[in-house]
Amino acid sequence: MTKIDALMRYFGHTSFRPAQETLIDTVLSGRDVLGVMPTGAGKSVCYQIPALLLSGATLVVSPLISLMKDQVAQLKRGDIPAAFINSSLTTEQYREVLRRVGEGRYKIIYVAPERLETVDFLRFALETPISLVAIDEAHCVSQWGQDFRPSYLKIAEFIEKLKVRPVVAAYTATATAAVKKDIIRLLSLIDPLSLTTGFDRPNLYFGVARQEVKSRYFHELIEQRGGMCGVVYCATRKTVDIVCDELRRRGIAASRYHAGLEDAERRGNQDDFIQNRATVMVATNAFGMGIDKPDVRYVFHYNMPKNLESYYQEAGRAGRDGKPSECILLFSRDDIKTAEYFIKDSGKNEGLTERERRDVRHRDIVRLDKMVRYCEIDSCLRSYMLRYFGEKQKGKCGYCSNCNRESWLRRALARR
């Protein structure tokens with residue numbers, strides 16, 4: 001089976017997207033890679049295709065249980081033998097997965113980074129031919145990444161213990177130059193092909209609406225978009241519940257998603273959104289990873305995220321089908337206080353030393369300042385964002401609320 005055969009048979013496509021083929025060929029040649037590709041660019045295919053073609057098993061290190069479950073379910077629907085290993089499994093289920101991997105019945109195994117540190121998993125890995133280790137959300141290894149996970153620092157040590165070193169492939173949607181350097185160093189990538197496909201999404205309209213009292217303006221935005229499919233991100237679970245309930249009272253088919261809900265409700269709400277039984281998903285940042293819904297016409301942020309990496313990743317869930325879509329952030333000064341609270345709270349991570357906690361807090365404050373700057377500038381929003389990620393935008397983009405201010409104001413006034 002060739003890579004094109006696998007693409008057509010399992011994914012239903014006849015050609016690769018930009019950069020996918022280069023990354024796949026490099027992995028198949030035995031060379032490490034670092035792929036930085038925006039949300040919706042098809043990162044997962046870059047390790048799933050090689051996993052199907054390589055002789056041994058592929059381990060995919062992933063940070064979230066919900067993300068693992070979603071991706072494995074999606075692979076199984078496509079008749080790809082896959083499984084996950086994390087704390088949600090019983091001891092019996094865990095042993096059964098390991099047994100089936102040993103029998104060659106699973107080609108792709110998603111695993112939490114913490115699992116790599118356990119004696120029983122290392123014993124299994126030493127006895128199992130592993131051709132590829134893929135690290136999803138690789139920015140988590142860096143203290144300058146938006147979701148630093150100390151457990152990611154143990155990945156290189158785990159790989160070093162294997163009898164035969166597999167190809168190592170790291171992927172992320174958001175990485176500055178500093179984060180890319182950290183990924184290569186901390187994961188001990190050997191002469192990797194480092195490929196960044198570009199952060200610009202020309203079909204996405206970026207807007208910032210400075211609103212100290214958001215409710216009325218927000219509901220006008222939603223109602224003007226009729227039955228369009230959209231995601232609304234909120235900073236807290238409480239805000240998610242309030243916003244979702246108010247939308248429902250107004251006759252909007254809204255659903256909600258956050259970590260405070262029972263797993264069955266989250267799953268049902270997510271299915272309602274994917275199947276278009278709910279047109280608006282109101283959620284915390286717990287929602288979105290691994291969700292490949294192409295027709296999301298808008299992503300609104302009811303509250304400002306605490307950094308541009310998170311904002312770009314969440315906003316990038318709009319317009320995956322390439323059609324014009326909107327990314328609008330409602331900003332108030334109170335959002336800064338909320339973000340500062342989350343930064344302070346994240347400093348309590350018991351997995352960090354006191355020095356690491358100080359470093360992470362400093363990093364987060366610096367990035368929050370850049371996020372606030374995005375919300376307050378009068379110049380091109382797209383140019384500001386691209387510069388942050390190390391790219392340049394010549395002149396005005398003509399497709400953001402600052403470059404197209406008159407048109408933006410006309411639309412805003414028309415809603416009042």
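It should be emphasised that the depicted structure is a prediction, and the values quoted were computed from it without experimental measurement.

**Student:** So what exactly am I meant to see when it comes to the sheet that holds strand β12 (residues 298-301) here?
**Tutor:** As a general point, the strands of a sheet are linked pairwise by backbone hydrogen bonds and lie either parallel or antiparallel. Pairing is parallel across the open sheet formed by 6 strands, whose spatial order is β8-β13-β12-β9-β11-β10. Looking at the sheet topology across the chains shown, the edges are occupied by β8 (204-210) and β10 (254-257). Looking at each pair of strands side by side, their axes are set apart by 15° on average, direction ignored. Here strand β9 (residues 230-233) pairs with β12 via 4 bridges, running parallel.

**Student:** I would appreciate a short explanation of the state of the cysteines in the present structure.
**Tutor:** Simply put, disulfide is the name for a covalent bond between the sulfur atoms of two cysteines. Taken as a whole, this structure holds 0 disulfides when the rule is applied. Not part of a disulfide, Cys 46 finds its nearest cysteine sulfur in Cys 140, a span of 18 Å.

**Student:** Before we go on, may I ask you to explain the packing of aromatic side chains in this structure?
**Tutor:** For any pair of aromatic rings, geometry is given as the distance between the ring centres together with the angle between the planes. A full pass over the atoms with the stated rule returns 16 aromatic pairs. A centroid spacing of 4.4 Å and a plane angle of 25° characterise the contact between Tyr 298 and Phe 300, whose relative ring orientation is stacked. The class for Tyr 298 is buried, based on a relative accessible area of 1%. Among the aromatic residues, those joined into a ring-pair cluster are Phe 199, Tyr 312, Tyr 388 and Phe 389. The cationic tip of Arg 115 hangs over the ring face of Tyr 94; the distance from NZ or CZ to the ring centre is 4.7 Å. The lysine or arginine in question, Lys 214, covers the ring of Tyr 302, its NZ or CZ lying 5.6 Å from the ring centre.

**Student:** What's the story with the side chain of Lys 43 in this structure? I'm lost.
**Tutor:** Topologically, Lys 43 is positioned in the loop between β1 (33-36) and α3 (45-53). Although Lys 43 is buried, it makes no salt bridge; Glu 137 carries the closest opposite charge, 5.8 Å away. Those residues in contact with Lys 43, other than ones at most four positions away along the chain, are Met 37, Pro 38, Tyr 171, Thr 172 and Ala 173.

**Student:** Before we go on, may I ask you to explain the packing of helix α12 (residues 308-315) against helix α15 (residues 381-388) in this structure?
**Tutor:** Two quantities define a packed helix pair, namely the angle between the helix axes and the distance between the axes. Taken N-terminus to C-terminus, the directions of α12 and α15 make an angle of 115°; their axes are 11 Å apart at the nearest point. The handedness of the crossing between α12 and α15 is left-handed. Contact residues: α12 offers Leu 308, Glu 309, Tyr 311 and Tyr 312, while α15 offers Tyr 384, Met 385 and Tyr 388. Split by residue class, the contact of α12 with α15 holds 6 nonpolar, no polar and 1 charged.

**Student:** Is there a simple way to think about the environment of Asp 321 in this case?
**Tutor:** Looking at where Asp 321 falls in the secondary structure, it is placed in the loop between α12 and β13 (325-331). Owing to a relative accessible area of 32%, Asp 321 belongs among the partly exposed residues under this scheme. Spatially, the C-alpha atom of Asp 321 lies 6.2 Å from that of Asp 295, the residues being 26 residues apart in sequence. Those residues in contact with Asp 321 that sit more than four places away from it in its chain are Pro 294, Asp 295 and Arg 297. A distance of 2.7 Å separates polar atoms of two side chains, one belonging to Asp 321 and the other to Arg 297. A distance of 3.1 Å separates a polar atom in the side chain of Asp 321 from the backbone nitrogen of Lys 323.

**Student:** Sorry, what's going on with the packing of α12 against helix α14 (residues 354-376) here?
**Tutor:** Following both chains from N to C, one finds α12 and α14 inclined at 55°, their axes separated by 8 Å at the closest point. Judged on the interaxial angle alone, α14 and α12 are oblique. Between α12 and α14, the residues in contact are Leu 308, Glu 309 and Tyr 311 and Arg 367, Lys 370, Met 371 and Tyr 374, respectively. Across the contact of α12 with α14, the residue classes break down as 4 nonpolar, no polar and 3 charged.

Quick notes on the rules
- Every chain's residues receive numbers from 1 upward, in the order its sequence appears when written.
- At least 70 in pLDDT is required for a residue's local features to be given in this predicted model, at least 80 for side-chain atom pairs to be given and counted, and no such filter applies to totals for whole chains, interfaces and linings, which use all residues.
- Computation of side-chain values: all heavy atoms of the structure, hydrogens and water removed.
- Each pair of strands is called paired provided DSSP finds at least two bridges between the two strands.
- For helices the rule is a DSSP run of H or I covering at least 4 residues; for strands it is a run of E covering at least 2, with both sets numbered from the N terminus onward.
- Lines are fitted to the C-alpha atoms to define the axes, a helix being fitted only along its stretch in contact, and any angle between axes, read from their N-to-C directions, falls within 0 to 180 degrees.
- In plain terms, two cysteine sulfur atoms within 2.5 Å form what is called a disulfide here.
- For Phe, Tyr and Trp, where Trp contributes only its six-membered ring, two rings pair if their centres lie within 6.5 Å, and the inter-plane angle classes them as stacked under 30 degrees, edge-to-face over 60, or tilted in between.
- Summary of the burial criterion: residues with accessible area below 20% of their type's maximum are buried, those above 50% are exposed, and those between are partly exposed, where the area comes from a 1.4 Å probe applied to protein chains only.
- Over a ring means this: the NZ of a Lys or the CZ of an Arg is within 6 Å of the ring centre and within 35 degrees of the ring normal.
- For the purpose of counting charges, residues Lys and Arg are taken to be positive, whereas Asp and Glu are taken to be negative. His and the chain ends are not included.
- For this document, the term salt bridge refers to a Lys or Arg side-chain nitrogen within 4 Å of an Asp or Glu carboxyl oxygen.
- Here a residue-residue contact requires only that any non-hydrogen atoms of the pair lie within 4.5 Å.
- By definition, turning the near helix anticlockwise from the far helix through less than a right angle yields a left-handed crossing, and turning it clockwise yields a right-handed one.
- Gly falls in the polar group here, along with every residue not listed as nonpolar (Ala, Val, Leu, Ile, Met, Phe, Trp, Tyr, Cys, Pro) or charged (Asp, Glu, Lys, Arg).
- N or O atoms closer than or at 3.5 Å make up a polar contact, with two conditions inside protein: a donor-capable atom paired with an acceptor-capable one, and, for residues adjacent in sequence, both atoms drawn from side chains.
- Should an angle fall under 35 degrees it is called roughly parallel, over 145 degrees roughly antiparallel, and 65 to 115 degrees roughly perpendicular, with every other angle called oblique.

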